[in-house]
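# What the coordinates show
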Amino acid sequence: MANSQIIVAFLTIVRREIRRFMRIWPQTLLPPAITMSLYFAIFGNLIGPRIGDMGGFSYMDYIVPGLIMMSVITNSYANVSASFFSAKFQHNVQELLVSPTPNWIILFGYVIGGVVRGLLVGVIVTLLSLFFTDMNLENLPITIIVVFLTAILFSLGGFINAVYAKSFDDISIIPTFVLTPLTYLGGVFYSIDLLSSFWQSVSLFNPVLYMVNAFRYGILGVSDIDVGFALAIISAFIVGFFLYGLRLLNKGHGIRD
Amino acid sequence: MTYAIEISGLKKRYNNGFEALKEINLQVKKGDFFALLGPNGAGKSTTIGILCSLVNKTSGQVTIAGIDIDKDFAAAKQHLGVVPQEFNFNVFETPFNIVITQAGFYGIPREVAIPRAEKYLKQLGLWEKRDGPAMALSGGMKRRLMIARALIHEPEILILDEPTAGVDIELRRSMWEFIKELNDQGTTIILTTHYLEEAEQLCRNIAIINKGEIVENTSVKALLKTLNQETFILDVEGAAAGINVSIPDYQITTLNDGHSLEVEINRGQSMNALFTALSDQGLQVLSMRNKANRLEELFVKLTKG
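Residues numbered from 1 in each chain as written. Chains lettered and ligands numbered in written order. Predicted model: local features only at pLDDT ≥ 70, side-chain atom pairs only at ≥ 80, totals over all residues.

### A look at the overall build of chain B
On a plain count of helices and strands, chain B comes out with 10 helices and 14 strands. Expressed along its principal axes, the backbone C-alpha trace of chain B runs to roughly 75 × 45 × 40 Å. Counting across all 305 residues of chain B, residues that qualify as buried make up 38%. A sequence separation of at least 24 residues applies to 69% of the contacts in chain B between residues at least 6 apart. (Helix = DSSP H or I, 4+ residues; strand = E, 2+ residues; numbered from the N terminus. Buried ≥ 20, exposed ≤ 12 C-beta atoms within 10 Å, placed from the backbone. Contact = placed C-beta atoms within 7 Å.)

This is the structure in C-alpha cells:
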C-alpha cells in the first residue's frame, strides 16, 4: 500500500473505533463520570477531611490525579479489549484481515481508538473534579506525556487480552483480577511512604505505581518515585507490548486458522 | 497466459493434524466464471481462506493476478474481493458505513468511496436501507450487502462462497444476473455453491475437490460430455400403476404415481427409438425431465466413497 493509502486505512480504523464508543456512550462515557463523581464526593469530601493531608496536600487534591489516571487506564483497556474481541466474535475482524491494511496499522488504529476514549474519559473526569477542588498543573508537558503513554500502554494490554480471549468472560477476568488490584495498590489512594519498607519494595514491581506517580508529579509536583525512571518504565512496556501484539497479529493467533 | 489465480502444490495441515489440502494444483483464467465444488469438508473453504488470508497455508505457492502472496500479499489482496459464506459484518453498523469503512481498509479515500458506495448499494437494491442498522436487513439483503462490500474496491477477481444459500429463488436469479453482468465486464468470478444447476448454467470451468484433492478440473462442457448415462422421468398417458413397460436395450421402471416412467439412457442411445417404442405400446409422452441435475450426477460419482 502507498503511504497515502496507509493513512486512509489508519484513519478509517480510528474513525470506526470512535464511532463505536460514541454510539454506546451510556456504556462507555457515562459510567466513569458517575463512578468518579462518587469517589470525589465520598473519599474526597466526606472521608478526606478526616484523613488529613497526604504527601503535603489535602486528601482530595492527592487522590484526584490517581482517580483521573484510573479512569484513563480502565477505559483505554476496556475499549480495545471489547472492540477487538467483538470484532472476533462477530467475525467482522475478517473485513480487516482480507484487506491490504498492514498489521502494524491495524494494531496502531485500535490502540489510538483506545487512547481517544481513555483521554476523553480523562478530560470528563478532570472537568468533574473541578467541582470538588481547584487544580493547579505543576508540569503540563509531563502530565500530557504520562497520560498519553499510559493510555497507549493499556490500549495495547487490552488488545493482547482480546487476541487471547475466547469468551466475553475472558475480557473481564484481567480487568477484575489483575488491573483493578494493581490500580488500587498503585498509589491512587495513598502514598507508598505509608507502607512498611517490605511492602514499599513490593509496590515498586507494580507498573501502575509509576504511571500514577508520574501523573501526580505533573499535576501536584510530588511523586513517590523518580519521574524519569517512571517514563522509561512506561516506554519500555509500550515497546514490549507493541512488539508482542504485532507478533500475535502476524501469526494470526486466534484470528487466522 | 496470466491466470487470475494460480495454485501449485498447496497444502494445509491444521494443528490437530487434519490435512485439509493435499498439494492441490489449480488455475483460474482471467475473466473466467469458475466453479469450485465439493462436499462439505472437502477443502473449498480452506482454499478460499488461504486466497484471502484468513487461513495460513502449510506449503505451496499461490499467485493472485500474477502476484505471489508470499512476496506481496497486500498487493495481491487489492485484486481480490470476497463474499464469505457467513455474515461477517458488524450488525450494529449501517450498510453505508460498512461499505465505506471497507473502502477505507483498501486505502480508498472517502470522496472516492462515497459515490462508489452509492452506485453499488443502488445496484443491489440497498440504497433505501443505507442508514438503518444492518441487523434489520433480511437474509437476502445481508448477502447483497456483503457483495456491495466486496466490490467497493472494484477487484478484478470476486470470490463468492455459497452466496445464494438460503436466498429465495427470485432474489437468487437477480443476484446471478448482477454477477453475470460483472463477469461480462471482465471480472473473474470464482463460485462455490451447493446448487449444482447454478454451476452448470453459469460457469464455464469447474474444479471438483474431494478430501483435499482436486478430482476434476475442466470445462463444464467437457465434464458433462463424460456423463455416460442419464436418467429421465417421462410423464406418460396410458400407463397404469404397476404396468410393466419393457423395451429392449432400455432400463425402464414404472413409478408408483401411475403415470411416470423412469428411463435410463446410455450415451448414444436414441431418444426417438424410445418414443417410437413407447408409442407402439400405446403410451404417449406428455413431458420429460432429468431425474437429477446432470452435474449433480457427475458430482456424486466423483465424490462418493
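### Examining the domain arrangement of chain B
For an interface, size is often stated in terms of accessible area lost upon the parts coming together. All names here are of chain B. The assigned domain composition of chain B is domain 1 (3-224) and domain 2 (228-303). Taking only C-alpha atoms into account, the centre of domain 1 sits 39 Å from that of domain 2. Of the residues lining the interface, 13 residues belong to domain 1; the matching set on domain 2 comes to 8 residues. Elements that contribute at least two residues to the side of domain 1 that touches domain 2 include exactly α7 (196-202), β9 (205-210), β10 (213-219) and α8 (220-225). In terms of residue count, the dominant contributor to the side of domain 1 that touches domain 2 is α7 (4 residues). Here the side of domain 1 that touches domain 2 is composed, by residue class, of 8 nonpolar, 2 polar and 3 charged. (Domains from an automatic or database assignment. Nonpolar A, V, L, I, M, F, W, Y, C, P; charged D, E, K, R; others polar.)

### Section: the sheet that holds strand β6 (residues 80-83) of chain B
Residues and elements named next belong to chain B. If you trace the 6 strands from one edge of the open sheet to the other, you get β6-β7-β8-β3-β9-β10, paired in mixed fashion. Across the chains shown, the open sheet's two edge strands, defined by having one partner strand only, are β6 and β10. For this sheet the average axis-to-axis angle between neighbouring strands, irrespective of direction, equals 15°. Sheet analysis places strand β3 (residues 33-37) next to strand β8 (residues 188-192), joined by 3 bridges and oriented parallel. Bridge pairing in β8 places Phe33 opposite Ile189. (Pairing = 2+ DSSP bridges. Axes fitted to C-alpha atoms, helices over the stretch in contact; angles between N-to-C directions.)

### Brief notes about the interface of chain A and chain B
Listed by partner, the interface residues are 23 residues for chain A and 25 residues for chain B. Counting residues per element, the ones that place at least two in the side of chain A that touches chain B are α1 (3-23) and α5 (93-97) of chain A. At 6 residues, α1(A) tops the list of elements feeding residues into the side of chain A that touches chain B.

### Let's talk about the environment of A:Val125
Residue and element names in this part refer to chain A. Positionally, Val125 belongs in helix α6 (residues 103-129). Judged by the 24 C-beta atoms lying within 10 Å of it, Val125 falls in the buried class. Note: C-alpha distance between Val125 and Leu29 (96 residues apart in sequence) is 9.9 Å. Apart from the residues within four sequence positions on either side, Val125 is in contact with Pro32, Ala33, Met36, Leu67, Ile68 and Ser71.

### Some points on the sheet that holds strand β1 (residues 3-13) of chain B
In any sheet, the strands associate via hydrogen bonds between backbone groups, in a parallel or an antiparallel arrangement. Residue and element names in this part refer to chain B. If you walk across this open sheet you meet the 4 strands as β2-β1-β4-β5, and the pairing is antiparallel. The open sheet has two edge strands with one neighbour each: β2 (19-29) and β5 (67-68). As paired strands, β1 and strand β4 (residues 59-64) are joined by 5 bridges and run antiparallel to one another. Its bridge partner lying in β4, Ile7 is registered against Val62.

### Here we look at unusual backbone geometry
Residue and element names in this part refer to chain B. Despite not being glycine, Glu23 shows a phi value in the positive range, around 55°. With respect to the element layout, Glu23 can be found in strand β2. In this model, Ser53 sits at a positive phi of 70°, which is unusual for a non-glycine residue. Note on placement: Ser53 falls in the loop between α1 (44-51) and β4.

### Here's the deal with the nonpolar core
By size, the foremost hydrophobic cluster in this structure holds 147 residues, and its most contacted members are A:Val111, A:Phe159, A:Met211, B:Val99, B:Ala148 and B:Ile159. It is helix α4 (residues 59-89) of chain A that contributes the most residues to this core, 18 residues altogether. Residue-level mapping places this core at the junction of two domains, with at least three residues from each of domain 1 (3-224) and domain 2 (228-303) of chain B. For B:Ala148, the residues in contact, after removing those within four places along its chain, are B:Val99, B:Tyr120, B:Leu121, B:Leu124 and B:Leu126. (Core = buried A, V, L, I, M, F, W, Y, C linked by C-beta atoms within 7 Å.)

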